[in-house]
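Structural features, examined
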Amino acid sequence: MPAFLFAGCSSRYYLWAIKGRVFKPDTQLYKPPLPNVWEDSSICFRGNSLSMCSAATISQVWDLFWKSPFNKDLSQGKSKTHPDNICNQLIKLHESKAKSYPSSDLVPVHSWKVTTPEDIINHLFS
């Protein structure tokens, strides 16, 4: 998987992907190459009840996200090579025993407000 930015505000949680090994506040955000994440980068947790985001709870929600079963909901537009369903790309990478997610396959976020980590703070959480 690529590097992720995971953030919570109130009881909503968000996920973005980023390229590279060094974090930069002005780097381009990408859609996470996973299903179950809405177009605005908020995570769909289905029927799971979530606590209010805090330093004490965010790790538990991160674990819940990865332990919850994924399905094909919200799987479109997350891969350049498999635009109709990111699950097909994930299966292909698993079967080929890929060691990492190809950064060239990531789809940039084209939100009118949030396209960089700086924007997350300035527009989403202000």
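These numbers come from a predicted model, not from an experiment.

Regarding the overall build of the protein chain
Across its full length, the protein chain carries three helices and two strands. Secondary structure elements of the protein chain occur, N-terminal to C-terminal, as β-β-α-α-α. In terms of overall dimensions, the protein chain is globule-like: its C-alpha atoms have a radius of gyration of 14 Å, near the 14 Å expected for 126 residues. Taking all 126 residues of the protein chain together, the buried fraction comes to 38%. Relative to all contacts within the protein chain whose residues are 6 or more apart in sequence, the contacts with residues 24 or more apart total 62%. Entry remark: accessible area of the protein chain is about 7,600 Å², with carbon and sulfur atoms responsible for 55%. Each charge sign in the protein chain was given a centre, from 14 positive and 10 negative side chains, and these centres are 6 Å apart.

Some words on the pattern of salt bridges
According to the stated counting rule, one finds three salt bridges in the structure shown. Residues R12 and D40 are paired through a salt bridge, measuring 3.3 Å at the closest nitrogen-oxygen approach. With a gap of 28 residues between them, R12 in strand β2 (residues 12–18) and D40 in the loop between β2 and α1 (58–67) connect regions that are remote in the sequence. In this structure R12 comes out as partly exposed when scored by relative accessible area, which is 41%. In this structure D40 comes out as partly exposed when scored by relative accessible area, which is 42%.

Describing the packing of aromatic side chains
Under the definition given, this model contains twelve aromatic pairs. Seen from their ring centres, F6 and Y13 are 5.8 Å apart, and the 15 degrees between their planes marks the pair as stacked. Judged by relative accessible area, which is 1%, Y13 ranks as buried. With 4.8 Å between their ring centres and 55 degrees between their planes, F6 and W62 make a pair best called tilted. Highlighted residues: F6 in strand β1 (residues 3–9) and W62 in helix α1, separated in sequence by 56 residues. Clustering of aromatic rings is evident, with ring pairs tying together F4, F6, Y13, F45, W62, F65, W66 and F70.

Regarding the confidence of the model for the protein chain
On average, residues of the protein chain score 90 in pLDDT, and 99% of them are at 70 or above. Helix α3 (residues 117–124) is the least confidently modelled element of the protein chain, averaging 84 in pLDDT, while helix α2 (residues 86–95) averages 95, the highest of any element.

With respect to the environment of Y101
Inspection of the secondary structure puts Y101 in the loop between α2 and α3. Along the backbone, Y101 and M1 are 100 residues apart, and their C-alpha atoms lie at a distance of 5.0 Å. Those residues in contact with Y101 that sit more than four places away from it in its chain are M1, P2, P33, K78, S79, I86, Q89, L90, L93 and L106.

Criteria and cut-off values
Residues numbered from 1 in each chain as written. Predicted model: local features only at pLDDT ≥ 70, side-chain atom pairs only at ≥ 80, totals over all residues. Heavy atoms only, no water. Helix = DSSP H or I, 4+ residues; strand = E, 2+ residues; numbered from the N terminus. Rg over C-alpha atoms; globule rule 2.2 N^0.38 Å. Buried < 20%, exposed > 50% of the residue type's maximum accessible area, 1.4 Å probe, protein only. Contact = heavy atoms within 4.5 Å. Areas by Shrake-Rupley, 256 points an atom, 1.4 Å probe, with all protein chains shown as cover. Lys, Arg positive; Asp, Glu negative; His and termini not counted. Charge placed at Lys NZ, Arg CZ, Asp CG, Glu CD. Salt bridge = Lys/Arg side-chain N within 4 Å of Asp/Glu carboxyl O. Phe/Tyr/Trp six-rings, centres within 6.5 Å; stacked < 30°, edge-to-face > 60°. pLDDT = per-residue confidence, 0-100.

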